[in-house]
Amino acid sequence: MEVQQKDDGKKGAFFIELNGDIVAEMTYVWTGKTGIIIDHTNVDVKLKGQGAGKQLVIKAIEFARANGLKIMPLCPFAKSVFDKEKAFRDVL
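Residues numbered from 1 in each chain as written. Predicted model: local features only at pLDDT ≥ 70, side-chain atom pairs only at ≥ 80, totals over all residues. Heavy atoms only, no water.

### Describing the overall build of the protein chain
- Regarding its fold elements, the protein chain presents two helices and five strands.
- Against the compact-globule benchmark of 12 Å for 92 residues, the protein chain has a radius of gyration of 12 Å, which places it among compact chains.
- Projected onto the principal axes, the alpha-carbon positions of the protein chain cover approximately 35 × 30 × 20 Å.
- Residues counted as buried form 37% of the 92 residues belonging to the protein chain.
- For the protein chain, contacts bridging at least 24 residues in sequence account for 38% of all contacts bridging at least 6.
- Surface exposure of the protein chain reaches about 5500 Å², of which carbon and sulfur atoms provide 53%.
- Across the protein chain, the 14 positively charged side chains and the 12 negatively charged ones have centroids separated by 6 Å. (Helix = DSSP H or I, 4+ residues; strand = E, 2+ residues; numbered from the N terminus. Rg over C-alpha atoms; globule rule 2.2 N^0.38 Å. Buried < 20%, exposed > 50% of the residue type's maximum accessible area, 1.4 Å probe, protein only. Contact = heavy atoms within 4.5 Å. Areas by Shrake-Rupley, 256 points an atom, 1.4 Å probe, with all protein chains shown as cover. Lys, Arg positive; Asp, Glu negative; His and termini not counted. Charge placed at Lys NZ, Arg CZ, Asp CG, Glu CD.)

### With respect to the sheet that holds strand β1 (residues 3-7)
- Strand order in the open sheet formed by five strands is β1-β2-β3-β4-β5, and the pairing between neighbours is mixed. In the strand order of this sheet, the two ends are held by β1 and β5 (70-73), each with one partner. Strand after strand, the sheet turns through a mean of 30° between neighbouring axes, direction not considered.
- One ladder, built from five bridges, connects β1 with strand β2 (residues 11-18); its direction is antiparallel. (Pairing = 2+ DSSP bridges. Axes fitted to C-alpha atoms, helices over the stretch in contact; angles between N-to-C directions.)

### Overview of the pattern of salt bridges
- One pass over the structure, following the stated rule, counts four salt bridges.
- Residue E25 is joined to K6 by a salt bridge in which the shortest nitrogen-to-oxygen separation is 3.5 Å. In this pair, E25 is assigned in strand β3 (residues 21-30) and K6 in strand β1, connecting sequence segments 19 residues apart.
- With a relative accessible area of 23%, E25 lands in the partly exposed category.
- With a shortest N-O distance of 2.9 Å, E85 and K54 are connected by a salt bridge. (Salt bridge = Lys/Arg side-chain N within 4 Å of Asp/Glu carboxyl O.)

### Notes on the nonpolar core
- Residues F14, I16 and I71 are the most contacted members of the largest nonpolar core, which totals 26 residues.
- Contributing elements (two or more residues each) for this core: β2, β3, β4 (35-43), α1 (52-67) and α2 (76-84).
- Ranked by residue count, the leading element in this core is α1, at seven residues. (Core = buried A, V, L, I, M, F, W, Y, C linked by side-chain atoms within 4.5 Å.)

### Topic: the side chain of T41
- Following the sequence through the fold, T41 ends up in strand β4.
- Under the relative-accessibility criterion, T41 is labelled buried at 16%.
- Excluding residues within four positions of it along the chain, T41 makes contact with E25, M26, L56, C75 and F77.

Below you can see the structure in the form of structure tokens.
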């Protein structure tokens, strides 16, 4: 599963596409130029239990680290990933 990204400078998403359909998506909005707020994560039942949601969060963390950004996880799923993984907290 390849995680892709789309961004228009105000909002964006990390997503997984299979056969032309988006089957997992995590959306975010920019908070100025220094951070993003993860506001929603949705994973199709086809991918449940395969770690797709966590892959989306990890891609957002990699994006934040590469660009010197901070993340505010308002989405309950994303917040739970940060709560469980101490190694990810440097971008909070």
